Amino acid sequence: MPATPFAACDATSITLADGRTVTAFGGCNYMGLSNHPRVRRAAAEAMERYGLSSTASRETTGNAVPHDLLEAELAHFLRVDRALLVPDGYLANISACQGLAAAGCTHAVIDSRAHSSMPDASRTAGLAISRFEHADQASLARALAAIRPGRAVVMTDGVFTADGEPAHLDELLNQLAPDDRLLVDDCHGLAAIGPGGRGSVAHAGIDDPRIVITSSLAKGFGAAGGVVAGRHDDIARCARAVAYVCTTPIAPAMAEATRTSLAILQADPTRVDRLTANAKRVRAGLVSMGLLPRVGTPPTQIAAFITGPLAEMQQLNAALLTDGFALPLIRYPGGPAETFFRLSVNAEHTPRQIDDLLGALAARISAPLPARDALPARNPSAGCAVG
Ligand SMILES: Cc1ncc(COP(=O)(O)O)c(C=O)c1O
């Protein structure tokens, strides 16, 4: 069931249907760019110029100037041969798998905690699927040995959706055979981590022609769309995939919005530093409350934790809303429990906003929670935190 809708938002707050505005720590607008005045203006101006949709596939009549420009700029940003624009991140994985299957890959070897779009995409492309235990090198080695002489596409999130854990891409890459590929779904890393926001692959310090990057453009860039990026011959195959050829591209206005987000990010790399500082601040606070382990993976903008049994967490979620904070309690695969708090910060959150949330959380955890029947039946933010 969808979450209770919000009626308005800016980068750090949402207005609920009842008119209350609360500070929000959910969603994937990691750089705050979805609400940036220049990004919104770029979209509005492009909408005036191009209308709402390009109304046809790019291979027929739907290719607009911003689509071509965005592809070139993303390729330059990611330092790859070519980037292919597709309608969204889900279709980016499908296009990548269809393209890599056409290039001769036979098997998808997928991290057990990878986003559900990856097995879906593999099935659509006719790749045989096997899984390896999350981030477990020995398990990956066994899975790869079992598929030989097949050619593998090893698949992982760059930053795991549910809890923000960064993948060990260098270790995965080390296990590839010369004709294998490493598909990095960087929906939660692109724009947010790595030098200048160049994503998980740059963050890992690796550069290899066997890497294919896929991502949504709806998260770190705050617009809409998807991208597949890599070397010329692979991306040329992806550009023949049904998922690309037979779909309408993102609106030219969204391409212009993404171009503007990218330009802002490149002109001001301190935006990434602010996000990193915010992520560290959140991590330190949650560790001091005992909600995250002292020793863990490096902090990213996402933190996942539980505070007790489900009923208590639902009460806490509602109590925090009363205090003026939307802290999403979500049910989503890959978290520390079936239902868990997924706290995400973005580059626009101030240290004060973060400290206020942490203070409210600490106070509520040590204070008795209100009676269950005094609280709203539905979690106002569940389900909208992760895409
Ligand atoms: C890791 C991951 N891959 C793919 C997708 C799909 O992207 P989109 O929503 O742009 O289709 C999402 C979520 O939206 C995601 O979190």
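Look above for the structure.
These notes cover the structure that comes with them. What you see is a predicted model, and the numbers here were worked out from it, not measured in a lab. Positions within a chain are numbered from 1, following the residues in the order the chain's sequence is written. Local features in this predicted model are restricted to residues of pLDDT 70 or higher, and side-chain atom pairs are both shown and tallied only at a pLDDT of 80 or more, whereas totals for entire chains, interfaces and linings draw on every residue. The side-chain numbers reported here are obtained from all heavy atoms of the structure, hydrogens and water having been left aside.

**Some remarks on the overall build of the protein chain**
Put simply, DSSP marks the helices as runs of H or I at least four residues long and the strands as runs of E at least two long, and each gets a number from the N terminus on. For the protein chain, the count of helices and strands is 13 helices and 14 strands. This radius of gyration counts C-alpha atoms alone. The globule rule is 2.2 Å times how many residues there are, raised to the power 0.38. Rg of the C-alpha trace for the protein chain: 21 Å, near the compact-globule value of 21 Å for 387 residues, within the 12% margin. Considered along the principal axes of its C-alpha atoms, the protein chain spans approximately 60 × 55 × 35 Å. For the protein chain, buried positions account for 55% of its 387 residues. Exposure classes here rest on a 1.4 Å probe applied to the protein chains alone. A residue is buried below 20% of its type maximum, exposed above 50%, and partly exposed in between.

**Notes on the sheet that holds strand β14 (residues 339-344)**
Taken in spatial order, the three strands of this open sheet run β11-β14-β13, and their pairing is antiparallel. A strand with exactly one partner marks an edge of an open sheet, and here the two such strands are β11 (302-305) and β13 (329-331). The sheet shows a mean angle of 40 degrees between the axes of neighbouring strands, direction not considered. Relative to β14, β13 runs antiparallel, the two sharing three bridges. Among the inter-strand pairings, Arg-331 is bridged to a residue of β14, identified as Thr-339. Sitting on the sheet, helix α12 (residues 310-323) touches β13 and β14, and the angle it makes with β14 is about 35 degrees. Should DSSP find at least two bridges between two strands, the strands are taken to pair. Only C-alpha atoms enter the line fits that serve as axes; for helices the fit covers just the stretch in contact. Angles between N-to-C directions range over 0 to 180 degrees. Any pair of residues with heavy atoms lying within 4.5 Å of one another is described as a contacting pair.

**Focus: the environment of Leu-343**
Within the secondary structure, Leu-343 is located in strand β14. Here the alpha-carbon distance between Leu-343 and Ala-360, two residues 17 residues apart in the chain, equals 14 Å. Setting aside residues no more than four positions away along its own chain, Leu-343 makes contact with Phe-25, Val-282, Leu-286, Gln-301, Ile-302, Ala-303, Phe-305, Leu-327 and Leu-357.

**Concerning the packing of aromatic side chains**
To pair, rings of Phe, Tyr and Trp, with the six-membered ring standing in for Trp, must have centres within 6.5 Å; the planes then decide the type, stacked if under 30 degrees apart, edge-to-face if over 60, and tilted in the middle. The tally for this structure, following the rule as stated, stands at two aromatic pairs. Ring centres of Phe-77 and Phe-221 lie 6.3 Å apart, and the angle between their planes is 65 degrees; this geometry places the pair in the edge-to-face category. Residue Phe-77 is located in helix α2 (residues 65-78), and its partner Phe-221 is located in the loop between β9 (211-216) and β10 (226-230); the two are separated by 144 residues in the primary sequence. Neither residue differs from the other here; Phe-77 and Phe-221 are each classed as buried. Here the guanidinium or amino end of Arg-113 rests over the ring plane of Phe-160, the centre of that ring lying 5.1 Å away. The criterion is that NZ of a Lys, or CZ of an Arg, lies within 6 Å of the ring centre and within 35 degrees of the ring normal, and then a charge sits over that ring.

**Regarding the sheet that holds strand β8 (residues 181-185)**
Taking strand neighbours across the sheet as the criterion, the seven strands line up as β4-β10-β9-β8-β7-β5-β6 in an open arrangement whose pairing is mixed. Each edge of the sheet is formed by a strand with only one pairing partner; in this case those strands are β4 (82-86) and β6 (128-132). Strand-to-strand twist of the sheet, defined as the mean angle between neighbouring strand axes without regard to direction, takes the value 20 degrees. Pairing analysis gives four bridges linking β9 to β10, with the strands arranged antiparallel. Bridge pairing in β10 links Thr-214 to Val-228.

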